[in-house]
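# Analysis of the macromolecular model
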Amino acid sequence: MTNNFAQDVLAGLTAENKYLSSKYFYDDNGSRIFQEIMNMPEYYLTNAEFEILSMQSKQIIDALQFSKPFNIVELGAGDGLKTFKLLEYLVNKNIEFNYVPIDISQEAIGALTKRLKERLPNLNIKPKVGDYFEILKVNKQSDYPSLLLFLGGNIGNYDENKAKNLLDLFNDVMKLGDKLLIGFDLKKNPILIHNAYYDKHGITKRFNLNLLLRINRELEADFKIDDFDFYCHYNPITGDVKSYIISLRKQSVYLKKLHTKIDLDYNELIWTELSKKYSLGEIRNLAEASDFQVTTNFMDCKHYFTDSLWEK
């Protein structure tokens, strides 16, 4: 990871329009700060999706129409909190299935497996650590149909072309009749979205600036955190939330491990994240462009979020 991290940081900070990849937010400290974000009253996404998976487990499983044992393969399982209600429903109904959580973090998978074995001792869990697509290629050989889970609105972190490329890759490693349950944050009152990402508590600011602290630690850089601020902007027409770190003065930062000096201008921006919001029409178009068919959109009671069930 460190080599990729170094290469990606160097590419981003030497680009004409500077950027840093949001996938590097989640070091140990970043993951802790993100837990704080998810606990904010303004951050509606987690509760909305939790409501869907808690209240509509039966409807989701019925809509699969899988007649024999099946696999539930979760991509980027993390703490597995939201998925728990779905798994609990299946175990309590004695429905035969395998749960295959995949995460790049051995620590996350270890903690998830331990917790699920304590809470659902009858769960048939087959955890995997590593790259989604290498593991999914093996899953394609399975005799059982599969439900892939890509939850949390993670698809929103990809621009249109990258989202389609990712979904094409999913399609390639799925069998005919396999299903994909994919989380989308929906377009809604722009003020609600703005408040969720530009929070008055300053937690999202800390989350972004923690990336500079990570660069300091891992690449021996000398970012001075007080010389940077955070800004984000929501465009209700395109549905794009874009987040930025702002340099508050003309300054140079030295990345000792990379023997590189980065010059930053007064008020120069470093783009850190895209989080796209979708309409139901855009979701349908994206599915069709990737050779999927939308079966059902499961929504929370406020229609803030949908877990959209697609079939290959």
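Bear in mind that the values here come from a model prediction, so they are computed numbers and not experimental data.

Calculation rules
- Residues numbered from 1 in each chain as written.
- Predicted model: local features only at pLDDT ≥ 70, side-chain atom pairs only at ≥ 80, totals over all residues.
- Heavy atoms only, no water.
- 1 Å grid on protein atoms, 1.4 Å probe; cavity = no way out; pocket = protein on both sides within 12 Å on 5 of 7 lines; lining within 4 Å.
- Points joined across faces, edges and corners; volume = space filled by probe spheres on them.
- Helix = DSSP H or I, 4+ residues; strand = E, 2+ residues; numbered from the N terminus.
- Nonpolar A, V, L, I, M, F, W, Y, C, P; charged D, E, K, R; others polar.
- Contact = heavy atoms within 4.5 Å.
- Pairing = 2+ DSSP bridges.
- Axes fitted to C-alpha atoms, helices over the stretch in contact; angles between N-to-C directions.
- Polar contact = N/O pair within 3.5 Å; in protein donor to acceptor, adjacent residues only side chain to side chain.
- Phe/Tyr/Trp six-rings, centres within 6.5 Å; stacked < 30°, edge-to-face > 60°.
- Buried < 20%, exposed > 50% of the residue type's maximum accessible area, 1.4 Å probe, protein only.

## A few points about empty space enclosed by the protein
- Here the structure, examined in full by the defined rule, presents 1 cavity of 30 Å³ or more.
- Surrounding the largest cavity, Asp79, Gly80, Leu81, Phe84, Leu112, Arg115, Leu116 and Arg119 form its lining.
- Sort the elements by how many residues they give to the lining of the largest cavity and helix H6 (residues 106-119) lands first, with 4 residues.
- Classifying every residue of the lining of the largest cavity by side-chain character gives 4 nonpolar, 1 polar and 3 charged.

## Section: the side chain of Thr204
- Looking at the secondary structure, you find Thr204 in helix H10 (residues 203-219).
- Aside from chain neighbours lying at most four places away, what touches Thr204 is Ile37, Met40, Ala196, Tyr197, Asp199 and Phe230.

## Overview of the sheet that holds strand S6 (residues 228-235)
- Taken together, 3 strands build an open sheet; the order of strands is S6-S7-S10 and the sheet is antiparallel. The sheet is open, and its two edges are formed by S6 and strand S10 (269-276), each paired on a single side. Taking the axes of each pair of neighbouring strands and ignoring which way they run, one obtains an average angle of 20 degrees across the sheet.
- By the bridge criterion, 8 bridges tie S6 to strand S7 (residues 240-247) in an arrangement that is antiparallel. Looking at S7, one finds that Phe230 is bridged to Ile245.
- Its contacts with the sheet put H10 on S6, S7 and S10, and the angle it makes with S6 is roughly 120 degrees.

## Section: the side chain of Ser290
- Secondary-structure assignment places Ser290 in the loop between helix H11 (280-289) and strand S11 (293-299).
- Of the polar contacts made by the side chain of Ser290, one reaches the backbone oxygen of Leu286; its length is 2.8 Å.
- In this view, Ser290 contacts Lys164, Leu167, Asp168 and Asn171; residues no more than four positions away in its chain are not counted.

## Quick word on the packing of aromatic side chains
- Summed over all chains, the structure comprises 18 aromatic pairs.
- A centroid spacing of 5.6 Å and a plane angle of 35 degrees characterise the contact between Phe34 and Phe207, whose relative ring orientation is tilted. Separated by 173 residues along the polypeptide, Phe34 in helix H2 (residues 28-38) and Phe207 in helix H10 bring together distant segments of the chain. There is no split in this pair, since Phe34 and Phe207 are both buried.
- Here the aromatic rings of Phe150 and Phe170 are separated by 5.3 Å at their centres, their planes lie at 75 degrees, and the arrangement is edge-to-face. Here Phe150, found in strand S4 (residues 146-150), pairs with Phe170, found in helix H8 (residues 160-172); they are 20 residues apart in sequence, far enough to count as distant.
- Residue classification places Phe150 among the buried positions, given a relative accessible area of 2%.

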